[in-house]
Amino acid sequence: MKWLQIHITVDQAQVEFTETLLSSLGAVSVTLDDAENQDLLEPLPGETPLWNKVIVTGIYAEEEGEALDVAALETFIATQLPDAPLRHEFLEDQVWERSWMDYYEPIKIGEKFWIVPEWLQAPEADAVNIKLDPGLAFGTGNHASTFLCLQWLGKTALKDKVVIDYGCGSGILGVAALLLGAKKVYATDIDPQAVLATQQNAELNGVLDRLYVGLPHEFEQEFAQQQADVLVANILAGPLMSLVEEFAKLLKTSGEFALAGVIEEQVADVSQVYAEYFDILQVEQREENWCRISGQRK
C-alpha cells in the first residue's frame, strides 16, 4: 500500500473548511502544522493550535492495483481554494504506529537522573532512570518547561516529602519525585487521558502504590484537609495566576514550589500575583524564552 499526502497552505480562517474538504474527499486523517515557524504556547486539552498560516495535510490510502486520481483531487481542491498553495507526495507503507519512536532518545537531567523511553536501554544503569511512554500525554522532558521542572526536582530535597504535581500530563514530574525519594505524590490534570498516562507511567516505574492521580474535583476530595511539602505545576501563565490562592492553601508554610509553562515576558506578571503568598527565590530560563519560577510559601 502507498499513502498519498496532500499539503495545502491556508490562512487561519480557512483551516476548518480545508479540514472538512479533505475529509469529504476520503482522507483517512487530517493534520495541522505551522507554515511560518510561529511560536505558540502548549494548547490546553481539546484546543486546536491556530497559527496565522497553517499547512493542512490530508492522507489518502492507495490500495495495490487501485491508483488514486491525484490530478482530479488537486483540480477539485483548487476550485474550492483557488489561492492556496498545494503540493503532494507519496509515502511507502511502514509500521506507522511505531515509526514515531525513532525520534526519541534518552535525556539526561542534571546529575541526578535520565528520562528513558520504555523501549530503550538506560545509558547509565545505576542512575535514577525514569521509564516513559512519551506517546500518551504532554510531558516527555524534551520541552523546555518540563526539563526546567525536572532539573529543579533534581536539586530539591524530596526524601519523605508529600508532593503535588498539578497539571501532571504524562506524570513525568510526579514519577520523578517518587524515584527521587518523595513519600507520596498527588497528581491531577483536567485531561482524562493525562490521568491514564500518569497511572501507566507510574506503574511502568514501580511507584504506582505511592501515587494518587485524578481529575481536579477528585483531587480536591482526596487531598482535603492536607498540605504538601512541595508543589510543582507545569501549565500556562493564565491558569497559574488564577490558581495562586488554591496553591497557597495546598502548600505548607515554607513549602517549596516551582512553576513552569511561563515565557520570559510573563514572568513579572506571574511573580507579582504570587508575591502575596510566596517568596520568589529564583527565576531560571531555558531555550525559547521558557522560564521556571521557584520559591517558598510565606
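Our subject is the structure that appears above.
Sequence order as written defines residue numbering, which begins from 1 separately in each chain. Per-residue local features are limited, in this predicted model, to residues with pLDDT of at least 70; the limit for side-chain atom pairs, both in listing and counting, is 80 or more; totals at the level of whole chains, interfaces and linings are taken over all residues. Side-chain metrics in this entry use all non-hydrogen atoms of the structure; hydrogen atoms and water are not considered.

**Quick word on the side chain of Thr188**
Only runs of H or I of at least four residues qualify as helices and only runs of E of at least two qualify as strands under DSSP, and these elements are numbered from the N terminus. On the secondary structure map, Thr188 appears in strand β9 (residues 184-188). Residue classification places Thr188 among the buried residues on the basis of a relative accessible area of 1%. Look past the residues within four positions of Thr188 in its chain and what remains in contact with it is Asp165, Tyr166, Gly167, Cys168, Gly214, Leu215, Pro216 and Phe219. Burial classes follow relative accessibility: with a 1.4 Å probe on protein chains only, a residue under 20% of its type's maximum area counts as buried, one over 50% as exposed, and anything between as partly exposed. Contacts are residue-level and defined by heavy atoms, with any inter-residue pair within 4.5 Å sufficient.

**Concerning the environment of Val30**
Residue placement: Val30 occurs in strand β2 (residues 29-34). Judged by its relative accessible area of 23%, Val30 is partly exposed. Sequence spacing of Val30 and Val56 is 26 residues, and the spatial spacing of their C-alpha atoms is 6.9 Å. Those residues in contact with Val30, other than ones at most four positions away along the chain, are Glu19, Leu22, Ser23, Val56 and Thr57.

**Observations regarding the sheet that holds strand β10 (residues 211-214)**
Strand pairing in a sheet relies on backbone hydrogen bonds. The paired strands run either parallel or antiparallel. Read across the sheet, seven strands follow the order β10-β9-β8-β11-β12-β14-β13 without closing on themselves; strand pairing throughout is mixed. Single-partner strands in this sheet number two, and they are β10 and β13 (278-285). Shown here is a sheet whose adjacent strand axes are inclined to one another by a mean of 15°, direction ignored. Here, strands pair whenever DSSP counts at least two bridges between them. Summarising the sheet, strand β8 (residues 162-166) and strand β11 (residues 228-234) pair through four bridges and their orientation is parallel. Its bridge partner being in β11, Tyr166 is matched across the sheet by Ala233. Where helices are involved, their axes are fitted lines through C-alpha atoms of the stretch in contact, as for all axes, and angles between N-to-C directions lie from 0 to 180°. Running over the sheet, helix α4 (residues 144-155) touches β11, β12 (251-263), β13 and β14 (290-297) and is turned about 35° from β14. Packed on one face of the sheet, helix α6 (residues 192-204) meets β9 and β10 and runs near 165° to β10.

**Looking at the pattern of salt bridges**
For this analysis, a salt bridge means a side-chain nitrogen from Lys or Arg found within 4 Å of a carboxyl oxygen belonging to Asp or Glu. Taken as a whole and judged by the stated rule, the model has two salt bridges. Notably, a salt bridge pairs Lys53 with Asp11, separated by 2.6 Å at the nearest N-O pair. With Lys53 in strand β3 (residues 53-62) and Asp11 in strand β1 (residues 2-11), this pair connects stretches of sequence that are 42 residues apart. We note a salt bridge from Lys252 to Asp229, for which the minimum N-O separation is 3.0 Å. Of this pair, Lys252 sits in strand β12 while Asp229 sits in strand β11; the two residues are 23 residues apart in sequence, bridging distant segments of the chain. With a relative accessible area of 34%, Lys252 lands in the partly exposed category.

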